[in-house]
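What the coordinates show
Residues per chain, in single letters:
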Amino acid sequence: MANLAAVVGIGQTKYMTKRLDVSIAGLVREAAVNALQDADLTWDDIDAVILGKAPDMFEGVIMPETYLTDALGCNGKPMLRVHTAGSVGGSTALVAASHVQSGMFKRVLTVSFEKQSESNAMWALSNPQPFSTHLNAGAGGYFAPIIREYMRRSNAPYDVGIKVAVKDRLHGARNPLAHLQKPDITMQEVEESFMLWDPIRFLEACPSSDGACAMIIANEELADKASKKPAWIRGVAMRSEPTMYAGRDEVNPQAGRDCAADVYKQAGITNPRKDLDCAEVYVPFSWYEPMWLENLGFAPEGEGWKLTMEGATSLDEGGDIPWNCSGGVLSSNAIGASGMIRFAEAARQVRGDAGDHQVEGAKLALGHAYGGGAQFYAMWVVGSEKP
Amino acid sequence: MSEEQEVVTVVKAPVYLKYNFTAGAAPARFLAQIKKGVLTGQRCPKCSAVYVPPRGSCGGCGVATEEEVVLSNKATVQSFTIVYIPIPNNPIQPPYIIANVVPDGANVSFIHLMSECVNEDVHIGARVEAVWKPKEEWAFAMDNIRYYRPIDEPNVPVDQIGKLPVTGLEG
Ligand SMILES: [Zn+2]
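Let us now look at the overall build of chain A. A count of helical and extended segments in chain A gives 14 helices and 11 strands. In terms of principal-axis extent, the alpha carbons of chain A reach across some 55 × 45 × 45 Å. Excluding contacts between residues fewer than 6 apart, the proportion of contacts in chain A whose partners are at least 24 apart in sequence is 78%. Accessible surface, chain A: about 13,300 Å² in total, of which carbon and sulfur atoms supply 52%. One finds the centroid of the 35 positive side-chain charges in chain A at a distance of 2 Å from the centroid of its 47 negative side-chain charges.

Here we take up unusual backbone geometry. With glycine set apart, most residues show a phi of negative sign, and most peptide bonds adopt trans. A cis geometry characterises the amide bond from Asp198(A) onward to Pro199(A), with omega recorded as 10°. Turning to its location among the elements, Pro199(A) is positioned in the loop between strand S5 (195-198) and strand S6 (200-201). Each neighbour pair has its own omega, and for Pro94(B) with Pro95(B) the value is -5°, a cis peptide bond. Positionally, Pro95(B) belongs in the loop between strand S6 (74-83) and strand S7 (96-103). Although it is not a glycine, Asn324(A) sits at a positive phi angle of roughly 55°. In this fold, Asn324(A) is placed in the loop between helix H12 (304-310) and helix H13 (328-331). One non-glycine residue, Ala374(A), adopts positive backbone phi at about 55°. Along the polypeptide, Ala374(A) turns up in the loop between strand S10 (364-371) and strand S11 (376-383).

To continue, consider the domain arrangement of chain B. Residues and elements named next belong to chain B. Structurally, chain B comprises domain 1 (23-71) and domain 2 (72-163). A C-alpha centroid distance of 20 Å is found between domain 1 and domain 2. Counting from both sides, the interface comprises 17 residues of domain 1 and, opposite them, 19 residues of domain 2. Summed over both sides, the interface between domain 1 and domain 2 buries roughly 1,300 Å², with carbon and sulfur atoms accounting for 73% of that surface. Taken as a group, Ile34, Lys35 and Leu71 account for 39% of the area that domain 1 buries against domain 2, more than any other trio of residues on that side. Connecting domain 1 to domain 2 are 0 salt bridges. In this assembly, domain 1 and domain 2 are joined by 2 residue pairs in polar contact (both at pLDDT 80 or more). Listed by contribution, the elements that provide at least two residues to the side of domain 1 that touches domain 2 are helix H1 (25-35) and strand S2 (50-51). Of the residues forming the side of domain 1 that touches domain 2, the biggest block, 5 residues, is contributed by H1.

Cut-offs and rules
Residues numbered from 1 in each chain as written. Chains lettered and ligands numbered in written order. Predicted model: local features only at pLDDT ≥ 70, side-chain atom pairs only at ≥ 80, totals over all residues. Heavy atoms only, no water. Helix = DSSP H or I, 4+ residues; strand = E, 2+ residues; numbered from the N terminus. Contact = heavy atoms within 4.5 Å. Areas by Shrake-Rupley, 256 points an atom, 1.4 Å probe, with all protein chains shown as cover. Lys, Arg positive; Asp, Glu negative; His and termini not counted. Charge placed at Lys NZ, Arg CZ, Asp CG, Glu CD. Domains from an automatic or database assignment. Buried area = accessible area lost by both parts, 1.4 Å probe. Salt bridge = Lys/Arg side-chain N within 4 Å of Asp/Glu carboxyl O. Polar contact = N/O pair within 3.5 Å; in protein donor to acceptor, adjacent residues only side chain to side chain.

If you want it as structure tokens, here you go:
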């Protein structure tokens, strides 16, 4: 049985298109300093640093962790880098948690980031290989056909994705850190936005953001003494599956289902919709909300879209299981940080510290990230109470 | 030092990466065949699934693949997207269709370009065939197939996509 661990500090940057005022080092330091301040701690209180970001090709800085040691106050301290593509922010938080749960360290700082303004993600994701045709279509080109298959299978109305796009931006308008601030967005505006990768419209896709997210994770003894209410880690799980194997269900991947089942079991969750108070789930394209509602067991297969259309996932409509109250990936996408933002926002909810996007009385929340060709999954459940 | 100078905050420094691609055993055989105008896959000895392009193992079973299988020029559209987004330096003019196609005789799809089609008419289960570049342009590359185009054959039922034998619909 692992030792108890909890989130005792959270720091984020304001997500935006270009942070010209800081370097990558300045960006990660800003998030880390915010987390230290939130936890009322100093650099000396940190035993190790766990860092994550999307593939190095994005910014073209190879092994950036080596040059970020100074900025993250970890000269002479252990530092570890995590790589799991778009899910990396989530996996990084889990690796950090495991270093505390195992008893290896008492208190670790974990940070993840992306500076998309200094990178070219579309290029980095489209490098040519001779055994496949070079079609240069980026992540949307990969995920759009999977979304089309979901639409066919579920017979969902065409505007489910449009509804998610509006809902998450309305949530984002409650979160001052969110990149997109669109308090007046309408279904019509989303529907009329430019088609990028049919069926994904411009406003149904995530933005490109600069940003970093940091958390401080401490053992039970230190978390009990924390200056602010901690978020107790109640379950942690990671799963992956091959990108390509015969019979693979790309719409509802096995690894996601297995990962959810594992994390729910640890947290004593039998009915995620009922037992959880809210969830922060990696939804970079709007249709991934109904798809993940099914994959994560919030709705039976083929019926995730009904929850979305009923308003069950909307704070503004008083839904019973709000998803992505922070605005989600659809409102801010600093790729490497996006998974950790989900984990941190879940923790903010159970700490009762989520400001205008707080779910009243939230006690148990899910943080979720996925990445690569929807083959890497990372999840945690955090609670306001010790297990 | 007396002059006021604008502060330099950003410098653009393009990075060029040139690399040699080491294909590995399975893709090397695949590329040698496609250079001759033949599309091949490899069969899993355990579950019999045929992979294209072969990467040397079956991801489902975790075992190496060896047996080479010649695949059909005909294929089925498993899913697709119409790309409208303009991407700098992209030689293909949008809108264009990227389809996940499964060649007859294979059990996994790969993505390729579709052409000679009305974009709005493309659908899941549609039958298509490979259109190859002229022989003198064949290289060690999947691009030897220029694109897929629709053919006049009945749609494949969804539960049969990815399961057709190399002989196609007639079985
Ligand atoms: Zn197999």
